[in-house]
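Listed below are the residues making up each chain.
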Amino acid sequence: MNRTLMHSSLCLSASVLAAAAPPPSNPVASLPVVKPVSPALTTSTPALIARPAMAGTVSHHSWKRHLVSPAVHHVAKATAAATIEPDARRFLNAVQVYPYADGAVYRLYTAPGQVSDIALQPGEVLGAVASGDTVRWVIGDTSSGTGADKRSHILVKPFTAGLSTNLVITTDRRSYHLALTSTASTAMAALSWTYPQDALIALRKAAEQQVAATPVASGLALDNLHFDYTLSGDRPAWRPLRAFDDGRQTFIEFPASLAVGEAPPLFIVQGKEAQLVNYRVQGRYYVVDRLFETAELRLGAKHQEIVRITRTTDAATPSRRAS
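### Some remarks on the overall build of the protein
And step 1. Within the protein, the regular secondary structure consists of five helices and 20 strands.
And step 2. Looking at the protein as a whole, 33% of its 323 residues qualify as buried.
And step 3. The contacts of the protein with a sequence gap of at least 6 include a subset with a gap of at least 24, amounting to 62%.
And step 4. Working note: accessible area of the protein is about 19800 Å², and carbon and sulfur atoms make up 59% of it.

### Topic: empty space enclosed by the protein
Unfilled space is identified by rolling a water-sized probe across the atoms.
And step 1. Within this structure, the stated rule accounts for one cavity of 30 Å³ or more.
And step 2. Its boundaries defined by the atoms lining it, the largest cavity holds a volume of some 50 Å³.
And step 3. Tallied by class, the residues present in the lining of the largest cavity amount to three nonpolar, two polar and four charged.

### Remarks on the sheet that holds strand β18 (residues 285-288)
And step 1. The four strands lie next to each other as β13-β14-β18-β17, forming an open sheet whose pairing is antiparallel. Pairing within the sheet leaves two strands with one partner each, and these edge strands are β13 (242-245) and β17 (280-282). Recorded for the sheet is a direction-independent mean angle of 25° between the axes of neighbouring strands.
And step 2. Sheet topology note: the β13/strand β14 (residues 250-253) ladder contains four bridges and is antiparallel. Within the sheet, the bridge partner assigned to D245 lies in β14 and is T250.

### Section: the pattern of salt bridges
And step 1. If you walk through the whole model with that rule in mind, you get 13 salt bridges.
And step 2. The partner of E253 in a salt bridge is R242, with the nearest N and O atoms 2.3 Å apart. Taken together, the residues span a long stretch of sequence, with E253 in strand β14 and R242 in strand β13 at a distance of 11 residues.
And step 3. Looking at R242, the relative accessible area reads 38%, which means it is partly exposed.

### Details of the layout of surface pockets
And step 1. Looking at the largest pocket, its volume works out to about 640 Å³.
And step 2. Elements that contribute at least two residues to the lining of the largest pocket include exactly β11 (190-194), α5 (196-209) and β16 (273-276).
And step 3. At four residues, the largest contribution of residues to the lining of the largest pocket is made by β16.
And step 4. Along the lines of polarity and charge, the residues of the lining of the largest pocket split into 12 nonpolar, six polar and six charged.

### Digging into the side chain of S192
And step 1. The topology assignment puts S192 in strand β11.
And step 2. When its relative accessible area of 7% is taken as the criterion, S192 is described as buried.

### Quick notes on the sheet that holds strand β3 (residues 95-99)
And step 1. Taken together, six strands build an open sheet; the order of strands is β2-β3-β11-β5-β8-β7 and the sheet is mixed. On the outer flanks of this sheet lie β2 (91-92) and β7 (137-144), each paired with one strand and no other.

### Some remarks on the environment of G127
And step 1. Tracing the sequence through the fold places G127 in strand β6 (residues 126-131).
And step 2. A C-alpha to C-alpha distance of 6.6 Å links G127 and D172, two positions 45 residues apart in sequence.
And step 3. Excluding its chain neighbours within four sequence positions, the residues that come into contact with G127 are T170 and T171.

### Considering the packing of aromatic side chains
And step 1. One pass over the structure, following the stated rule, counts 12 aromatic pairs.
And step 2. When the ring of F254 is compared with that of Y286, the centres are 4.6 Å apart and the planes differ by 55°; the resulting orientation is tilted. Here F254 is found in the loop between β14 and β15 (266-270), whereas its partner Y286 is found in strand β18, with 32 residues between them in sequence.
And step 3. An aromatic cluster of three or more residues is present, and its members are Y98, Y100, Y106, Y176, W193 and Y195.
And step 4. The ring centre of Y100 lies 5.3 Å from the NZ or CZ of R174, which sits over that ring.
And step 5. Over the aromatic face of F267 sits the side chain of R298, whose NZ or CZ is 5.1 Å from the ring centroid.

### Thoughts on unusual backbone geometry
And step 1. Positive phi, close to 60°, is recorded for N93, a residue that is not glycine.
And step 2. Secondary-structure assignment places N93 in the loop between β2 and β3.
And step 3. Overall, the relative accessible area of 60% leaves N93 in the exposed class.

### Regarding the environment of A189
And step 1. Here A189 is to be found in the loop between β10 (175-182) and β11.
And step 2. When its relative accessible area of 43% is taken as the criterion, A189 is described as partly exposed.
And step 3. With residues near it in sequence (within four places) discarded, A189 still touches A94, V115, S116 and D117.

### Thoughts on the confidence of the model for the protein
The predicted coordinates of low-pLDDT regions are not to be read in fine detail.
And step 1. Scored by pLDDT, the protein comes out at a mean of 79, with 69% of its residues at no less than 70.
And step 2. In the model, residues 1-19 has pLDDT below 50 throughout and makes zero contacts with residues more than four positions away in sequence or in other chains.

Calculation rules
- Residues numbered from 1 in each chain as written.
- Predicted model: local features only at pLDDT ≥ 70, side-chain atom pairs only at ≥ 80, totals over all residues.
- Heavy atoms only, no water.
- Helix = DSSP H or I, 4+ residues; strand = E, 2+ residues; numbered from the N terminus.
- Buried < 20%, exposed > 50% of the residue type's maximum accessible area, 1.4 Å probe, protein only.
- Contact = heavy atoms within 4.5 Å.
- Areas by Shrake-Rupley, 256 points an atom, 1.4 Å probe, with all protein chains shown as cover.
- 1 Å grid on protein atoms, 1.4 Å probe; cavity = no way out; pocket = protein on both sides within 12 Å on 5 of 7 lines; lining within 4 Å.
- Points joined across faces, edges and corners; volume = space filled by probe spheres on them.
- Nonpolar A, V, L, I, M, F, W, Y, C, P; charged D, E, K, R; others polar.
- Pairing = 2+ DSSP bridges.
- Axes fitted to C-alpha atoms, helices over the stretch in contact; angles between N-to-C directions.
- Salt bridge = Lys/Arg side-chain N within 4 Å of Asp/Glu carboxyl O.
- Phe/Tyr/Trp six-rings, centres within 6.5 Å; stacked < 30°, edge-to-face > 60°.
- Lys NZ or Arg CZ within 6 Å of the ring centre and 35° of its normal.
- pLDDT = per-residue confidence, 0-100.

Right, here's the structure in full:
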């Protein structure tokens, strides 16, 4: 009898424990349900920029906002490569003189409370001026000189520092593209351009009009030769060997390589201005029918090479003669 009661108690206890115990765990059932991913998000594209995972579900529209076309990077790279920055070697006093090249972008640094002057080529007729930001920049135009020497000027002033925009100037001869940047206090007083293409055209016309080349030594009096000239600046392959004059004409002697390379135009420098001067090419000499105090040979567009020729004595005073 006692054995039967004990067996019944054990069975009852087992039943109670079985009912109270949790069901065995199912590892498959405990995993979260994974929803199918939209085919639009699985499309492979090199322009997709990964973003850190955010709480919640990432919508298709938020992914689209992070799509960047490779063309944007190409445009930024090409614009940066075409932008010409100020160079200390190209300043004439406070005027930055850029070599003009079609399609180049020229940097102009400005500052609040200061006006920067953009001077065009003498005789060039201004067409239109357009800026990307006309609210925070004051942009106007004026002119100087008269007749063939009349020159257009565009005046630029920012309202505050930390601004940037672009400027497009069109004329009867060409178009200019500028990148404007405003700083706290540093501004470029003025900028202008040289025009190598115009200089080469003038050289070709002069060569066509020259009927015959005479020897450079013809008619020179050795007692009147002055060699008080110094050369400074860059050292390209065409850098002159020397310069001298006979009291009336100036002669610039080049190495023999000038005959097989590109000839640099010659500019007379007077104050802030640099003007192309007429000269003849006789062999490896430039012959200038005048005397000058300072001149520059310039060649190139973005990376321009400049050699300056300076007379160390006044043109009216005697100079030491050739030895």
